[in-house]
Amino acid sequence: MFDGDVRDLDCLRDVLESGIDTVLHLAAQPIVGEANEDPIPTFDNNIAGTWTLLEACRLSPAVQGILVASSDKAYGDAGSATYSEDMPLKARHPYAASKACTDLLAQTYAESYGTKVVISRCGNLYGGGDRNWSRIVPGTIRSALEGRRPIIRSDGTPVRDYLYVEDIAAGMLLLSKAIVLQPELRGEAFNFGGGDRVAVLDVVTMILGELGSELEPDIRCDSVNEIPEQRVGAEKAQAILGWRPTHGLPEGLHRTVAWYREHLASML
């Protein structure tokens, strides 16, 4: 166990000298609202943290493969089109821009130095263990279990692609192994989406139904920089990695609600 900062090159080099051969870069400031309110820490953590990690890996001979975790937000607003990996990145807001930059940095190291690095771009992740209560799934579950109306910061209409956490974990493991065995994949991005494209209000309604709650959502309509619709196409991951999600949204929410029923008190 190491305790350090992803922006600290010397610390990262010390960690990698312990013999690590595969790196999954998941460190980031992940909350869109926080990025909108104060973008500099998000740029610092997400962009500087990525170039520092990539440089530490470049200087560490033991590292054989790197996965950089990005986001479907990097694509920006594509209207109703399904995101595919060959689409240009049109990020226009702080969190999305920070993720688009991480992608470009990964591709730079792949092209300039031959670094065996790949990129995962994921839809909205959910599952047990998430303490970011501003997110719609854990926030709704916590509010309902505490007898409070769940808050929807948008108008409830934005459509998102939801992916259960165990499915993306499986996908990332497959991709991190693939880059070691297939170096020709370096610099490539892979989308991961659950295929469950649902409006925010409908997700909240599903969670309340799972909990047997009659609470009504508190719809604030005060969020900013919301992309109306995001659809993630995962055909490339299916074809090359043999990956497919195994949990649909109803089953995933059922498992997630059960997890928080058991563990919520210990998280607060």
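For the structure itself, consult the block above.
For every chain, the first residue of the written sequence is number 1, and numbering continues from 1 onward in sequence order. Where local features are concerned, this predicted model is filtered to residues with pLDDT of at least 70; where side-chain atom pairs are given and counted, the filter is 80 or more; whole-chain, interface and lining totals use all residues. As a convention, hydrogens and water are excluded, and side-chain values are obtained from all of the structure's heavy atoms.

Undergrad: How should I be thinking about the nonpolar core in this particular structure?
TA: Soluble globular proteins tend to bury their nonpolar side chains together. Tyr126, Ile136, Val137, Tyr162, Val203, Ile207 and Leu249 are the most contacted members of the largest nonpolar core, which totals 21 residues. Secondary structure counts use DSSP, requiring at least four H or I residues in a row for a helix and at least two E residues in a row for a strand, with both numbered from the N terminus. Elements with a contribution of two residues or more to this core: α5 (136-145), β6 (159-164), α7 (200-211) and α9 (249-267). Leave out the neighbours within four places in its chain, and Tyr126 touches Val137, Tyr162, Leu163, Tyr164, Val165, Gly248, Leu249, Gly252, Leu253 and Thr256. Among buried residues, those of type Ala, Val, Leu, Ile, Met, Phe, Trp, Tyr and Cys that are joined through side-chain atoms within 4.5 Å constitute a nonpolar core. Per-residue accessibility, obtained with a 1.4 Å probe over protein chains only, is compared with the maximum for each type, and a residue is labelled buried under 20%, exposed over 50%, and partly exposed between these values. Contacts: residue pairs with any heavy atoms within 4.5 Å of one another.

Undergrad: So what exactly am I meant to see when it comes to unusual backbone geometry here?
TA: For residues other than glycine, phi is negative in most cases, and the peptide bonds are mostly trans. Phi at Cys221 takes a positive value of approximately 55°, unusual for a residue other than glycine. By secondary structure assignment, the location of Cys221 is in the loop between β9 (218-219) and α8 (235-241). Here the phi dihedral of Asn225 falls at roughly 60°; this positive angle occurs in a residue that is not glycine.

Undergrad: What's the story with the packing of aromatic side chains in this structure? I'm lost.
TA: Where two aromatic rings form a pair, the distance of their centres and the angle of their planes describe that pair. Any two rings among Phe, Tyr and Trp, with Trp reduced to its six-membered ring, count as a pair given centres within 6.5 Å; such a pair is stacked if its planes are under 30 degrees apart, edge-to-face if over 60, and tilted if neither. Considering all chains together, one arrives at 6 aromatic pairs under this definition. For the ring pair Tyr75 and Tyr83, a centre distance of 4.6 Å and an interplane angle of 20° mean the geometry is stacked. A residue is classified by how much of its surface remains accessible, and Tyr75, at 3% relative accessible area, is buried. The class of Tyr83 is buried, set by a relative accessible area of 1%.

Undergrad: Sorry if this is basic, but what is going on with the pattern of salt bridges here?
TA: Salt bridge criterion: a side-chain nitrogen from Lys or Arg within 4 Å of a carboxyl oxygen from Asp or Glu. One pass over the structure, following the stated rule, counts 14 salt bridges. Between Arg220 and Asp218 there is a salt bridge, with its nearest N and O atoms 2.8 Å apart. Residues participating in the shared-partner salt-bridge network are Asp5, Arg7 and Asp44.

Undergrad: I tried to follow the layout of surface pockets on my own but got confused; where do I start?
TA: Where empty space is left can be seen by rolling a probe of water-molecule size over the atoms. A cavity here means a set of points on a 1 Å grid, drawn over the protein atoms and nothing else, where a 1.4 Å probe fits but cannot get out; a pocket is an open set with protein on both sides within 12 Å along at least five of seven lines, and a residue lines either one if it has an atom within 4 Å of a point. Grid points are joined across faces, edges and corners, and a volume is the space filled by probe spheres set on the points. Of the pockets and cavities examined, the second largest pocket occupies roughly 250 Å³. Lining the second largest pocket are 17 residues; nearest its centre among them are Val6, Leu12, Val15, Val23 and Leu53. Of all elements in the fold, only α1 (9-16) and β1 (22-25) reach the threshold of two or more residues within the lining of the second largest pocket. Polarity classes work like this: nonpolar for Ala, Val, Leu, Ile, Met, Phe, Trp, Tyr, Cys and Pro, charged for Asp, Glu, Lys and Arg, and polar for all others, with Gly in that last group. Grouping the amino acids of the lining of the second largest pocket by side-chain chemistry returns 12 nonpolar, 3 polar and 2 charged.

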